[in-house]
Amino acid sequence: MKNLWNDTEAAGYHGELGLRVYTSRLLGHDPSLVLHGGGNTSVKIREPDLVGDEEEILYVKGSGWDLEFIEAAGFSPVRMAYLLKLARLDALSDPQMVNELLTHMTRSSAPAPSVETILHAILPYKYVDHTHADAVLAVTNTTGGEERTREIYGDKAVVIPYVMPGFDLARLCAARFPAEAKAGTIGMVLMNHGIFSFGDTAKLSYDRMIELVQRAEDYLAGHQSWALPGRQQLAIPDKPVRARVAQLRQEISKAAGFPMIMQVHNDRRSLAFANREDVGILSQQGPATPDHAIRTKRLPLVGGNVDAYVLAYRNYFSRHAPSAREPSTMLDAAPRIVLDPQLGMCTLGRSAKNAAIVADIYAHTMDVIERATLLGGYRALPEKDIFDVEYWDLEQAKLRKSGKPPVFSGETTLVTGAASGIGKACVESLLARGAAVIGLDINPAVVNLHQKKDFLGIRCDVTSEEAVINALEAGIKAFGGLDMLILNAGVFPGGTAIAALKSDDWRKTMQINLDANLILMRECHPLLKLAPRTGRMVVIGSKNVPAPGPGAAAYSASKAALNQLARVAALEWGADGIRVNVLHPNAVFDTGIWTAEVLASRAAHYGVPVDEYKKKNVLNAEVTSRDVAELAAEMCGPLFAKTTGAQVPVDGGNERVI
Ligand code: ZN
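First, a word on scope: everything that follows refers to the structure included in this document.

Structural notes on the overall build of the chain
Helices and strands together make up the secondary structure of the chain, namely 24 helices and 18 strands. Expressed as lengths along the three principal axes of its C-alpha atoms, the size of the chain is roughly 95 × 65 × 50 Å. Sorting the 658 residues of the chain into buried and exposed places 54% on the buried side. Residue pairs at least 24 apart in sequence account for 72% of intrachain contacts in the chain once pairs closer than 6 positions are excluded. Distance between charge centroids for the chain: 3 Å, based on 69 positive and 74 negative side chains.

Observations regarding the packing of aromatic side chains
The geometry of two aromatic rings is summed up by the distance between their centres and the angle between their planes. Under the criterion given, the structure shown has 14 aromatic pairs. For the pair phenylalanine 273 and tyrosine 362, a centre-to-centre distance of 6.2 Å together with 75 degrees between the ring planes defines the contact as edge-to-face. Separated by 89 residues along the polypeptide, phenylalanine 273 in helix H11 (residues 268-274) and tyrosine 362 in helix H15 (residues 352-375) bring together distant segments of the chain. Tyrosine 362 shares its class with phenylalanine 273; the two are buried. Ring plane angle 55 degrees and centroid distance 5.2 Å describe the contact between phenylalanine 317 and tyrosine 391, whose orientation is recorded as tilted. With phenylalanine 317 in helix H14 (residues 306-320) and tyrosine 391 in the loop between helix H16 (383-390) and helix H17 (393-401), this pair connects stretches of sequence that are 74 residues apart. Here the two residues phenylalanine 317 and tyrosine 391 agree in accessibility, since each one is buried. Positioned above the aromatic ring of tryptophan 226 is the side chain of arginine 371, whose terminal nitrogen or guanidinium carbon lies 3.7 Å from the ring centre.

Considerations on the sheet that holds strand S14 (residues 455-459)
Here seven strands make up an open sheet; going across it, the order is S14-S13-S12-S15-S16-S17-S18 and the pairing parallel. Each edge of the open sheet is held by one strand with a lone partner, namely S14 and strand S18 (647-650). Across the sheet, the mean angle from the axis of one strand to that of its neighbour is 15 degrees, orientation sign disregarded. Across five bridges, strand S16 (residues 536-540) lies against strand S17 (residues 579-585) in parallel orientation. In the strand pairing of S17, isoleucine 540 is matched with leucine 583. In the packing of helix H20 (residues 503-528) onto the sheet, the strands contacted are strand S12 (412-416), strand S13 (436-441), strand S15 (484-487) and S16, and the crossing angle to S15 comes to about 175 degrees. Together, S15, S16, S17 and S18 form the strand contacts of helix H24 (residues 625-635), whose direction differs from that of S17 by roughly 165 degrees.

Side note on the nonpolar core
Ranked by internal contacts, the top residues of the largest apolar core, which has 105 residues, are Ile118, Leu119, Leu123, Met188, Ile252, Leu440 and Met537. A per-element tally of this core places H20 first, with nine residues. Counting residues in hydrophobic clusters, the runner-up holds 46 residues, among them Val139, Tyr153, Val213 and Met366.

So, the environment of leucine 394
As for its placement among the helices and strands, leucine 394 is situated in helix H17. Look at leucine 394 and you get buried, because its relative accessible area is 13%. Taking the C-alpha atoms as reference points, leucine 394 and isoleucine 195, separated by 199 residues in sequence, lie 22 Å from one another. Those residues in contact with leucine 394, other than ones at most four positions away along the chain, are Asp94, Met97, Val98 and Val115.

What about the coordination of the zinc ion?
Protein-derived coordination of the zinc ion comes from Glu116 (OE), His130 (NE2), His132 (NE2) and His193 (NE2), at a distance range of 2.1 to 2.8 Å. For the zinc ion, the four donor atoms are set out with angles of 77 to 163 degrees between them, so the coordination reads as irregular. Read in sequence order, the donor residues coordinating the zinc ion give the pattern E-x13-H-x1-H-x60-H. A residue pair is termed long-range when its members are at least 10 positions apart, and histidine 130 in strand S4 (residues 127-131) and histidine 193 in the loop between strand S6 (187-190) and strand S7 (194-199) qualify at 63 residues.

A word on the pairing of S17
Most of S17 sits out of view: seven of its seven residues are buried. Neither face of S17 is left uncovered, since the one carrying Arg579, Asn581, Leu583 and Pro585 and the one carrying Val580, Val582 and His584 both have all their residues buried. Where the polypeptide runs from S16 across helix H21 (residues 553-573) and back to S17, its parallel neighbour, the crossover connection is right-handed.

Details of the pattern of salt bridges
All told, the structure shown has 30 salt bridges when counted by the stated rule. Between glutamate 55 and arginine 79 there is a salt bridge, with its nearest N and O atoms 3.1 Å apart. Of this pair, glutamate 55 sits in strand S2 (residues 54-61) while arginine 79 sits in strand S3 (residues 75-79), and the two are 24 residues apart along the sequence. By relative accessible area, which is 27% here, arginine 79 ends up partly exposed. Linking aspartate 483 and arginine 249 is a salt bridge whose minimum nitrogen-to-oxygen distance equals 2.9 Å. Of the two residues, aspartate 483 is situated in the loop between helix H19 (465-479) and S15 and arginine 249 in helix H10 (residues 242-256); the sequence distance between them amounts to 234 residues. There is no split in this pair, since aspartate 483 and arginine 249 are both buried. Several salt bridges converge on common partners, so that one network encompasses Arg242, Glu465, Glu473, Arg522 and Glu523.

Quick look at helix H3 (residues 80-87)
Looking at H3, one finds that the buried residues are Met80, Leu83, Leu86 and Ala87. End-on, the buried residues of H3 take up no more than an arc of 115 degrees, which puts them together on one face. In H3, the exposed residues that point more than 90 degrees away from the buried face are Ala81 and Lys85. Its buried side turned inward, H3 meets strand S1 (40-48), S2, S3, helix H4 (94-103), helix H5 (117-122) and helix H8 (167-180).

Some words on the packing of helix H18 (residues 421-432) against H24
Packing of H18 against H24 brings their axes to within 8 Å, and their N-to-C directions diverge by 50 degrees. One finds that H18 runs oblique with respect to H24. Relative to H24, the crossing made by H18 is right-handed. In this structure, H18 uses Gly421, Ile422, Ala425, Cys426, Ser429 and Leu430 to contact H24, whose residues at the interface are Ser625, Arg626, Val628, Ala629, Glu630, Ala632 and Ala633.

Regarding the pairing of strand S11 (residues 344-349)
Across the six residues of S11, six count as buried, placing the element largely inside the fold. As paired strands, strand S8 (residues 261-265) and S11 are joined by five bridges and run antiparallel to one another. Bridge assignment links methionine 262 to a residue of S11, and that residue is leucine 348. The sheet contact formed by strand S10 (residues 337-340) and S11 spans four bridges and is antiparallel. Each residue of the ladder has a partner; that of aspartate 340, found in S11, is glycine 344. The turn linking S10 back onto S11 is made up of three residues.

Topic: the packing of H20 against H21
For the pair H20 and H21, interaxial distance at closest approach is 8 Å and the crossing angle is 15 degrees. With respect to their mutual orientation, H20 and H21 come out roughly parallel. Every pair of crossing elements has a handedness; the one defined by H20 and H21 is right-handed. Contacts from Trp506, Thr509, Met510, Asn513, Leu514, Asn517, Leu518, Met521, His525 and Leu528 in H20 reach Ala553, Ala554, Tyr555, Ala557, Ser558, Ala561, Leu562, Leu565, Ala566, Ala569 and Trp573 in H21. Considering only residue class, the contact of H20 with H21 consists of 16 nonpolar, five polar and no charged.

Rules behind the numbers
- Residues numbered from 1 in each chain as written.
- Predicted model: local features only at pLDDT ≥ 70, side-chain atom pairs only at ≥ 80, totals over all residues.
- Heavy atoms only, no water.
- Helix = DSSP H or I, 4+ residues; strand = E, 2+ residues; numbered from the N terminus.
- Buried < 20%, exposed > 50% of the residue type's maximum accessible area, 1.4 Å probe, protein only.
- Contact = heavy atoms within 4.5 Å.
- Lys, Arg positive; Asp, Glu negative; His and termini not counted.
- Charge placed at Lys NZ, Arg CZ, Asp CG, Glu CD.
- Phe/Tyr/Trp six-rings, centres within 6.5 Å; stacked < 30°, edge-to-face > 60°.
- Lys NZ or Arg CZ within 6 Å of the ring centre and 35° of its normal.
- Pairing = 2+ DSSP bridges.
- Axes fitted to C-alpha atoms, helices over the stretch in contact; angles between N-to-C directions.
- Core = buried A, V, L, I, M, F, W, Y, C linked by side-chain atoms within 4.5 Å.
- Donors = N, O, S within 2.8 Å, 3.2 Å for Na, K, Ca; no water.
- Tetrahedral: all angles 85-135°; square planar, octahedral: opposite > 155°, others 65-115°.
- Right-handed = clockwise from strand over helix to strand, strands pointing away.
- Salt bridge = Lys/Arg side-chain N within 4 Å of Asp/Glu carboxyl O.
- Arc of directions from axis to C-beta.
- Parallel < 35°, antiparallel > 145°, perpendicular 65-115°, else oblique.
- Left-handed = near helix turned anticlockwise from the far one by under 90°.
- Nonpolar A, V, L, I, M, F, W, Y, C, P; charged D, E, K, R; others polar.

Quick look at the structure:
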């Protein structure tokens, strides 16, 4: 464990709450202590209210905040005196508890207080820190875990058996902690859940957390259960996996009832775990802590039998639903993690961000499982305890609060020519509708176009078959499949009359505007066929297809041939449910080709001001990249569900086309 406290940094945080923010961030910074919203911290502060009465307030982490990035506003101020009275009740239902916490805050705009608020209140220390440290879990989740925990901590920590988080846990701790705490007690271990530390100052409480977790690490190291050997020998397979990945993702999405993003993690660590001979036993014990099940489900799928997984999940639900705390409706029965000897670890979620969170959680779970196995045998909680948390109304409510997902959530699009102009605008329109996007462009700027988990920019020359295949392989590993394809990349060579047109220039235009799109269509078709909601393709054509212009022979001919190719694709792919439509934009001037100078010279050529030149169409309206992109995105959506083989102009109305 590394103690990250730094006096200079700490001096930048002011007051008791300021230092609470600082050390909370230090805890959040270490993923072996807390992950994605896990863990919580608090500080008790005496302060006067508006009418001058002084009262003790518990500032406790609010839900929806991550410790790593928390600010003062992320702490919910709750009246201590009332919390201590609540802790003495015999029973308090979850909805009642939530109501009491919300109605006893002193700032109405504060976030909902953590479900562990009452537990923080009953610990008689100014600062309280709580994490789900990997090392502690590796010990508590091992055969004989409780004795081992007592052996490690002695009087330093009170050990509490597993009880579901919430009021019951707070009440149990309220009864046992004062009875069992000794003079030297600096923490509390909750079996199969995590660890608390506390102190009079933020630094002391933080230092003690590090010290307590270090003890667990030392114990594991002393029992040859810390270092995890055997990862170096494994070679990472470089066989193409995209067809298999897309097939698996389709089956799982169908089982879920909605499309999901699936990330393939075939790093050495994941492969080493997935290739263990005992993976079918180790991975089927249960999660490291019950709250992981909300994101990861109780068990990963080992191998590829999705139907068997679904059946087992249904049985798990029917076993425990009758005795559940509240009447429960079954969640989708699809796995969120797949362990496969070739693919390593695949993780699923309704967005790339969610799939990445699942991956982070399971990466730590693998560590906990392997260390516990070395120590004496991994023991997760009985499935009933996991079920209670997975179907806990408070947790389900958090998920429901996120509302209706955007129209393309869980789906992936590939856009060519993504670094600028219409392609770049398409990326934005699709991201805004919840899709993950693979952006290809020969311009290396595409790589850094968006710093988001749901965008993958790949530098790619689409005229190279090998480059396209490599890009698809990388894209499918990142997102699991392909649902939509936007063929946009193209070139517009300068005006040349046929009499002067060089064969090389002709061929180059054909290669980019036509041949490359054939490669893309051919390679993407098997993937589009596996789209859970059926595949869609939009081709960016040109006004020059219905109304060519002199001096643009290569461009007009290449776009007309591409148009015909798309029409054939609409006919051939209809049986697979894939819709193919073409947009014909015209005079879109906010693209890379149209610099201010070019625009000015063209306008001068027609003897009109630039503004007028831009709107030379029936509607007298300027057509932007965004207009084209929005229509392309909509054509992939439900509005156009029954349309294929269509050619739609997006040009403000052109007299020659009309
Ligand atoms: Zn906890």
